[in-house]
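Each chain, written out:
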Amino acid sequence: PNKIKNICCIGAGYVGGPTMAVIAQKCPEIKVTVVDINVQRIADWNDESLDNLPIYEPGLKEVVLEARGRNLFFSTNVDNAINEAEMVFISVNTPTKKYGVGKGMAADLKYVELCARNIAKVSTSDKIVVEKSTLPVRTAESIKTILDAEGKDIQFKVLSNPEFLAEGTAIDDLHNGDRVLIGGDQDEDGLNAIQCLIDIYSHWLPRERIITTNVWSSELSKLTANAFLAQRVSSINAISALCEQTGANVDEIANAIGADSRIGSKFLKASVGFGGSCFQKDILNLVYIARSYGLEEVADYWEQVIKLNDYQKRRFAEKIVQNLFNTVNGKKIAILGWAFKKDTNDTRESAAIYVADYLLNEQAELVVYDPKVKAEQIYADLDYLNTRSEEQNKHLVTVVRDAYEAMGDTHAVAILTEWDEFKSYDWEKVYNGMKKPAFVFDGRNIIDKQQIEDIGFKSYNLGRE
Ligand code: NAD
Ligand code: UDX
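Residues numbered from 1 in each chain as written. Chains lettered and ligands numbered in written order. Predicted model: local features only at pLDDT ≥ 70, side-chain atom pairs only at ≥ 80, totals over all residues. Heavy atoms only, no water.

In the nomenclature of an unreviewed UniProt entry, the protein is known as UDP-glucose 6-dehydrogenase of Carboxylicivirga mesophila. Turning to the protein, the UniProt record has this under Catalytic activity (unreviewed entry): "UDP-alpha-D-glucose + 2 NAD(+) + H2O = UDP-alpha-D-glucuronate + 2 NADH + 3 H(+)". Its UniProt record, at the heading Pathway (unreviewed entry), says of the protein: "Nucleotide-sugar biosynthesis; UDP-alpha-D-glucuronate biosynthesis; UDP-alpha-D-glucuronate from UDP-alpha-D-glucose: step 1/1." (UniProt positions renumbered as here; feature names shortened; annotations may be inferred.)

Quick look at the structure:
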């Protein structure tokens, strides 16, 4: 197969940005252009100050600094970049559908389809089109049909190359991932296209970590991986509720079962519920696909992972109200952490949004602190729920840039993201500044319960009596 010299990636988001930055870093002889229709996003990627990049990821700045302007470019000239490239990654968003058939379940593929139509329209040379977005199984078939429908005398090959990076560790995951997965047709042309992509990843990954499969296995592996990961979180969260009734300690259980190499120790941390743009969306999509094939038992099985997660978020919010003597009306509660996990500024589907909304329904006043999330984002997340007016959200929620300021004069502190800095606060000082009795609700089990109670706090920890 011919060596790739020019790559275009459509979509400069959480996946397209970091993934292409690393490909450009590791393959200096390949020109990589990341394009987006969002003008502001592209301007931010091109910003002189690397502190204004549109997403926060540890280590991203350094990679962008190394490659940007050398062989990594960010542009809004989508058509030009597509046409120049031999390989085009589609890395646009595939959110849950908000309308019509499959509303609230299926993945909305309109952005992906628009990309395919655009590639078909503007291309004047052969292209390998790579699905980087997470897509329902058999999407490659539709993409191929659209690409070929213009009837041009050029060849399109479609590969599936799902992305397994997790936010907050994206650069490390990309540099040193457990595996890369490439799905393609198993005929000669397909295998050649697969080889082109293998050649790119082989710049830095050992060959044995590059797994190749047929297209459908690759597409379905991505949904399956996220479903399995989320299922572990829901499983331990289910046990956390039982622990609270029985005197067992969920962290001790996680440790004890995780020592069994068949189970493994990762992804067993009880929490206020998983968030992020992927788990819920991808499981709902899996459930939808299973139902569409009439596989009701399969669909019900996976749907339970989501139900348990909703239960856990609600349960945590209920615990706050119960412990605060069954009313939070007019009480001031500090929310520590708004991002869906530490080390990211991403808030999509963050448990914090739902816990906050619950408390606001109970007429609490909230003061929010997150080290990386901007105030506009926090208000936008609440407004998006449409539970109350924007004015009411503004009135009931204050966002501050200092954690001690957030916690001052409050009745309770709720920890909703596991940011490391929360562990090293001067909790004695916090206690002295709060109303008594002072409560800590630790939704991530990151604070030492004994230490905090010795100071005088009343504390609620997930999965502890
Ligand atoms: P994102 O919303 O951060 O980025 C998508 C970008 O695509 C946006 O900037 C949007 O403006 C752009 N876009 C949409 N339509 C376009 C078009 N027609 N032309 C040009 N640009 C267009 O989304 P993301 O988090 O990067 O996710 C992208 C895909 O990757 C999704 O399918 C997601 O499921 C998958 N994924 C995400 C993660 C993650 O951690 N976020 C991990 C693995 C896989
Ligand atoms: C996930 C997958 O891990 C990644 O492979 C895929 O490409 C995208 O989706 P991400 O959503 O970025 O990545 O983060 P992840 O680390 O998986 O965390 C997801 C959510 O689960 C977070 O809210 C996190 O706090 C929560 N979680 C994770 C737990 O509550 N307990 C755990 O033990 C692990």
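Back to the text.
Peer 1: Would you take a moment to explain the site of ligand 2 for this structure?
Peer 2: Near ligand 2 there are 20 residues, and of these Phe164, Leu165, Ser271, Lys341 and Arg444 occur at the shortest range. Leucine 165 is positioned with one of its backbone polar atoms (N or O) 2.7 Å from an oxygen atom of ligand 2. Serine 271 places a polar side-chain atom, nitrogen or oxygen, 2.6 Å from an oxygen atom of ligand 2. In isolation ligand 2 exposes 660 Å². Once the protein is present, 90% of that is buried. Broken down by element, the shell around ligand 2 gets its largest block of residues, four residues, from helix α9 (residues 215–246). The residue makeup of the shell around ligand 2, split by class, is 11 nonpolar, three polar and six charged. (Near = heavy atom within 4 Å. Polar contact = N/O pair within 3.5 Å; in protein donor to acceptor, adjacent residues only side chain to side chain. Areas by Shrake-Rupley, 256 points an atom, 1.4 Å probe, with all protein chains shown as cover. Helix = DSSP H or I, 4+ residues; strand = E, 2+ residues; numbered from the N terminus. Nonpolar A, V, L, I, M, F, W, Y, C, P; charged D, E, K, R; others polar.)

Peer 1: What is the right way to read the confidence of the model for the protein from this model?
Peer 2: Note: predicted coordinates in regions of low pLDDT should not be interpreted at a detailed level. Here the protein averages 97 in pLDDT, and 100% of its residues register 70 or above. Interface confidence for the predicted complex, expressed as ipTM, amounts to 0.98; the pTM equals 0.96. (pLDDT = per-residue confidence, 0-100.)

Peer 1: I would appreciate a short explanation of the nonpolar core in the present structure.
Peer 2: In a soluble, globular protein the nonpolar side chains are often hidden away together inside. Counting residues in each nonpolar core, the largest one holds 59 residues, and the members touching the most others are Trp338, Trp427 and Phe457. Per-element tally for this core: the top contributor is helix α13 (residues 351–361), with seven residues. The contacts of tryptophan 427, once residues within four sequence positions are left out, are Leu336, Met407, Val413, Ile415, Phe422, Val440, Ile447, Ile452, Ile455 and Phe457. Among the nonpolar cores identified, the runner-up in size contains 46 residues, and Met20, Leu159, Leu174 and Ile182 belong to it. (Core = buried A, V, L, I, M, F, W, Y, C linked by side-chain atoms within 4.5 Å. Buried < 20%, exposed > 50% of the residue type's maximum accessible area, 1.4 Å probe, protein only. Contact = heavy atoms within 4.5 Å.)

Peer 1: Just checking my understanding: could you explain the site of ligand 1 for this structure?
Peer 2: Ligand 1 sits among 25 residues. The nearest are Asp36, Arg41, Thr94, Glu167 and Lys281. Side-chain polar atom of aspartate 36 to an oxygen atom of ligand 1: 2.6 Å apart, as the coordinates give it. Of the residues belonging to the shell around ligand 1, the class tally is nine nonpolar, nine polar and seven charged.

Peer 1: Even after reading the chapter, I still don't get the sheet that holds strand β13 (residues 439–442), so can you show me in this structure?
Peer 2: Two strands in a sheet stick together by hydrogen bonds in their backbones, pointing the same way (parallel) or opposite ways (antiparallel). Taken in spatial order, the six strands make up an open sheet running β11-β10-β9-β12-β13-β14, and their pairing is parallel. What marks the edges here is a single partner per strand, and that holds for β11 (397–399) and β14 (458–461). Sheet twist, expressed as the mean angle between neighbouring strand axes with direction ignored, is 20°. Packing of α13 onto the sheet brings it into contact with β9 (332–336), β10 (365–369) and β11, and relative to β10 it is tilted by some 155°. Against the sheet, helix α14 (residues 375–385) contacts β10 and β11, and its axis sits at roughly 155° relative to β11. (Pairing = 2+ DSSP bridges. Axes fitted to C-alpha atoms, helices over the stretch in contact; angles between N-to-C directions.)

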